[in-house]
Amino acid sequence: MSSVMSDREKKVRGMKVYGRDFRPQELWSGSSGCRYVYLLRATRANQKYLGLDRQQLDGVFADLGLQAPDVIEAAQLAERLVAAPYKQKPNPAARPEAIAHPARGVDLASLVNGTRLQKLISVEAFGLYWLTPPGGYADHIGQPVALLLFSRAGDLRDFASWNRMARRREDYTLLRFDSSSQIDREQDIRRLLNPLMAARPLKEESYYGSVHFIRSQLDTCPDHPFPRKDIGRSRYDPEGLAANADPPLDARQLALNLEARKAREAIRRSATEEGLTWLRRTYFTQSIDPMFMEPENGLAWFDETGARPVLRIAAGTQSPRKDREAIDQLTEVAVKGGKLPKHTIELMTFPIGGGFGGRDLSTFPVYLAMAALFSDTPVRLVFDRYEQFLCGIKRHAAVLQNELAYNAETGDLHSLHSTIYMDGGGVLNLTKPVVELCALHAAGPYAFKHNAISGYAISTDSAPAGSMRGFGIPQAAFAIESMIDEVGTTVGTKDPIEFRLKNNRLLKTGDVDVAGFQLRHHLDTERICTEAAKEPLWLEREAKRKEYEERGGGLVKYGVGFACAMQAIGTSGDAVFAEVSIDPKGEVTVRSTAIEMGQGSDTSLAIATTKVLGRSASRVVLGVLDRFDHPNVRLQKNNYTQGQPTYTPKLDNSMSASVTAFFHIHAVEQAAQVVFDHGLKPCARLIWGDVPETATWKDGQLVAPDRQPIPLEQLAALAHEQAAQQDKQVCTGAIVHTYYRNAYACSPYTINQTTYERYIDGLSVLYRGNGEDVGNYERVRRERDIPLDLVAADAERHIRSVYASVGHLIAVMVHTRSGAIEVVDAVTLLDAGEVHHLESVEGQADGGFAMGLGMALLEEVPPSPVGVDGDLNLHRYPLIRATQLPPGGLQLRILELAPGEQILKSGPPIRKKGIAEAVMTPVMPAIANAIAHATGARLTVLPFTPKRVLEALSP
């Protein structure tokens, strides 16, 4: 069966695909039985937890007729795992607000036989406690206080149903709290500066951290605009001027902070002195659940049947390596302390029914592994939708206070001043990089002369927020695109698209971003706007608005809005492993660290071999980890260093940030090229005598002028025959590692006295033997220990370097009596580069657009404590349905690259971009601008519920 769309039939027919479809015995021979894990969770985070009422709990089990489970609390966890509970690692370089969740009123050293831990593990991603102990404060509402290990699945379901109902009652006392210890602090960032954000920071240190981008060409100090080129990405904080800061600021840092403060003040003073107009707006974006089709689930088994114990994990995940490293941290100190036998960790991944960032750095796999260590059988942990809403990673709620200074006559953009607050919930997770990316995109794709942007990560008692689709950029786009549209409707021709296109207001390749770094690679926002202005939907908007006005008598209003965005691709340091091998029959296999989340990675990587090998892969294996860690393949995670040819700054990425097209496909193509250059091409030379540069593939055959076509099967068979000879180095498989940061790492590699420069930093090849055994691979020495060209060497200065541009034209009907919004037409203009697989691009565009509509019109996780009351499900969380999409469907306009054009300034001729996140980003402001066009009312709070629409329409 073709690997293209290979799992679709299984899904439709209800065959076993996802992790929850399997039993332990189907995955691991020798396993028997199963325990079922329930996480009992804290209902309060503002009071000291006193413990679990075990007598009441036993009574509940008896009343319900349940077999009592094993109950694991913090004390038992500490006895089994010396590493639990974690302690905050001191950070002498951080300001006090960057240190989250100090221990309060409890010292648990006694739980580990009075011995203080020698190894302190950072808790930034996962919180202070795995299980909240008596005497401690939970990091957030919903943090586990105990693991319950049931022997029967039905008993777990019955108890979960009882507990969900019981939590609603005022007399719920299963978990005991000290009401006299209640924290009720008023320094809560004024409720995140918006009364809609009822969740409050409960810790005195309510900041996780901050980021600042101040850029000005004004002479704020002699001969130096700010920031100076010599400071690179050094952190500066215009608020960090306290001489008695803890830890103390050194003289250089204090001077830099003072310089930043002066630059910020000078920008504002300049706008005032020039008599410019200020537009001041505050925007609120809500918390959103990723709402993937399949809640988190998995199986685990601490298998001690063999010579060496193995902790086996089977789960759906976006970030296999992060998960394995977190599990390793969980057990590492326990092993050293003799509490746990030495073991290996095996992680099996499954396709997942959606991720959207909600499974990146999730605590789920750690709790799954934790439970396995307390059971002599495999365990199953399965979240239902209630639990996923309660504890799953969310999109950050945000408040953006923007001030835009511009010339009211010419429309020239002077400066943007933006202060951003993002609610990270009770655990830091990936909040700091999300805030950084939101701040980097605060000015959108616009060329302001100056900017002063500050982003703050806030700690509250809500569920953790993380890297959900868009990674902070949708919040920024909603604010800046709404403001640009508002300015554009008052200047010149009052055409918002024409406004964007005039006077070099849009950033182009060669311009600098808000951090002062040059945008060196392909950027096509200007063409997006140019093409949008030609669309009939835009050109006919005024006539149609008048038509609706006359026909509807003011009860139904019509408007068309436009918004655009430049969306960063990748994480700024991106690494990928990929393997391509070919068998004697010409069948191609691809293995990759990529994860299939419904976005079509299996399809994309299958067809990625076609151009180089003449055939799509017939087998694609995703989520590969252990194979690439084999001694013949693995690299060492470390900065590039002279004399260390196996060092690489990063091993591999999570499956996020739209990485398939730009990163994973490139790696597969590089591996396929090695197989062709050192396997199939030498065999073709044996047949033809030479292989001209014009040779190409056609219908599965290698063809060239005046030569007999050679079928791939013939070349593959000959390659394996040659490889079987001990004196021949004929390649039938290749494993490559790529690393990208502003440019791809590259190095020469020599095989059989033939050298090629390749855009990879690691290579192992298969000369002979069965390709299924990775032990048959041999490492090829990287000849350049620091494989960076000049562009990549400057990467430390760049936060992001590659962008996909997108624009939406969206037509809406506003029902003025009910406040309902109907989306009646939509055109998407997309800078996708060269389309790799059209159906996947169309599917991603449809999905991203629908997700954007949900954020714009319906979806909202209520602020704490309502949003974490354990009773949130689809009856209280509406989603976009097919009936709410435009009747004619989404009209997709793909702007492909011109022939010969490539995305990168230097390096491989890559022509593909990741677009999964880009499509979603400007949907919300496009709808806001459409409502403004229809009614004149500008909405600044998401989602645009009927109630909020009616309030905006009220005189």
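Residues numbered from 1 in each chain as written. Predicted model: local features only at pLDDT ≥ 70, side-chain atom pairs only at ≥ 80, totals over all residues. Heavy atoms only, no water.

Some points on the packing of aromatic side chains
Logical step 1: Counting across every chain of the model gives 23 aromatic pairs.
Logical step 2: Look at Phe150 and Phe159: their rings are 6.0 Å apart centre to centre, the planes differ by 40°, and that puts the pair in the tilted class. No difference in accessibility class separates Phe150 from Phe159, as the two residues are buried.
Logical step 3: Centre to centre, the rings of Tyr740 and Tyr744 are 5.0 Å apart; their planes meet at 65°, and the pair counts as edge-to-face. Judged on exposure class, the residue Tyr740 and its partner Tyr744 are both buried.
Logical step 4: By way of ring pairs, the aromatic residues Tyr38, Phe61, Phe150, Phe159 and Trp162 are connected into one cluster.
Logical step 5: For the cation-ring pair, Arg505 lies above Phe499, with the distance from its terminal atom to the ring centre recorded as 4.1 Å. (Phe/Tyr/Trp six-rings, centres within 6.5 Å; stacked < 30°, edge-to-face > 60°. Buried < 20%, exposed > 50% of the residue type's maximum accessible area, 1.4 Å probe, protein only. Lys NZ or Arg CZ within 6 Å of the ring centre and 35° of its normal.)

Describing the pattern of salt bridges
Logical step 1: Using the criterion set out here, one finds 51 salt bridges in the structure.
Logical step 2: Between Arg261 and Glu239 there is a salt bridge; the shortest N-O distance is 3.7 Å. Linking Arg261 in helix 7 (residues 251-273) with Glu239 in the loop between strand 7 (224-226) and helix 7, this pair joins segments that are 22 residues apart in sequence.
Logical step 3: Look at Arg261 and you get partly exposed, because its relative accessible area is 22%.
Logical step 4: Overall, Glu239 belongs to the partly exposed group, its relative accessible area being 39%.
Logical step 5: Salt-bridge contacts for Arg591 lead to Glu579; the nearest nitrogen and oxygen are separated by 3.5 Å. In this pair, Arg591 is assigned in strand 18 (residues 588-592) and Glu579 in strand 17 (residues 574-582), connecting sequence segments 12 residues apart. Residue Arg591 shares its accessibility class with Glu579, and that shared class is buried.
Logical step 6: Within this structure, Arg321, Arg324, Asp626, Asp629 and Asp652 form a network of salt bridges that share partners. (Salt bridge = Lys/Arg side-chain N within 4 Å of Asp/Glu carboxyl O. Helix = DSSP H or I, 4+ residues; strand = E, 2+ residues; numbered from the N terminus.)

A look at the pairing of strand 4 (residues 144-150)
Along a regular strand, successive side chains alternate from one face of the sheet to the other.
Logical step 1: In terms of residue burial, strand 4 counts as a mostly covered element, since seven of its seven residues are buried.
Logical step 2: Pairing of strand 1 (residues 35-41) with strand 4 involves six bridges; the strand directions are antiparallel. Looking at strand 4, one finds that Arg41 is bridged to Pro144. (Pairing = 2+ DSSP bridges.)

A few points about the confidence of the model for the chain
Logical step 1: Per-chain confidence: the chain averages 88 in pLDDT, with 90% of residues scoring 70 or above.
Logical step 2: Predicted confidence for residues 85-123 stays below pLDDT 50, and this span has 91 contacts to residues more than four positions away or in other chains. (pLDDT = per-residue confidence, 0-100. Contact = heavy atoms within 4.5 Å.)

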